[in-house]
Amino acid sequence: MARKHGDYFGLGRIVSIILAIIPFTAWILGMITRFSEGKIVAGVIRIFGGWLIWLIDLILMIVSGHILRLLNI
């Protein structure tokens, strides 16, 4: 089984951090990631509130390599 390196489609940590730095890219990729996990409500929340949690996502991506999982529905 392949090990998942980061939240953005299993990309490397450095690539994920670079993508998280760009607000629009982080918003889109965070939304796609949540939809691909089957978390429809969390994906919809990211559509409308993604700009608000961008900074938190950036910090968490640097520290832990994962995006914020505020809602697991």
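Residues numbered from 1 in each chain as written. Predicted model: local features only at pLDDT ≥ 70, side-chain atom pairs only at ≥ 80, totals over all residues. Heavy atoms only, no water.

Explanation requested: the overall build of the chain in the structure shown.
If you tally the helices and strands in the chain, you get 4 helices and 0 strands. When the elements of the chain are put in sequence order from the N terminus, they spell out α-α-α-α. Going through the 73 residues of the chain one by one, you find that 34% of them count as buried. Residue pairs in contact within the chain that sit at least 24 positions apart in sequence constitute 52% of those at least 6 positions apart. Summed over its atoms, the accessible surface of the chain is roughly 4,500 Å², and 77% of this surface lies on carbon and sulfur atoms. (Helix = DSSP H or I, 4+ residues; strand = E, 2+ residues; numbered from the N terminus. Buried < 20%, exposed > 50% of the residue type's maximum accessible area, 1.4 Å probe, protein only. Contact = heavy atoms within 4.5 Å. Areas by Shrake-Rupley, 256 points an atom, 1.4 Å probe, with all protein chains shown as cover.)

Mind showing me how you'd approach the side chain of Arg-46 here?
Within the fold, Arg-46 resides in helix H3 (residues 40-49). Contacts of Arg-46, omitting those with residues within four sequence positions, involve Trp-27, Gly-30, Met-31, Arg-34, Ile-53, Asp-57, Ile-67 and Leu-68.

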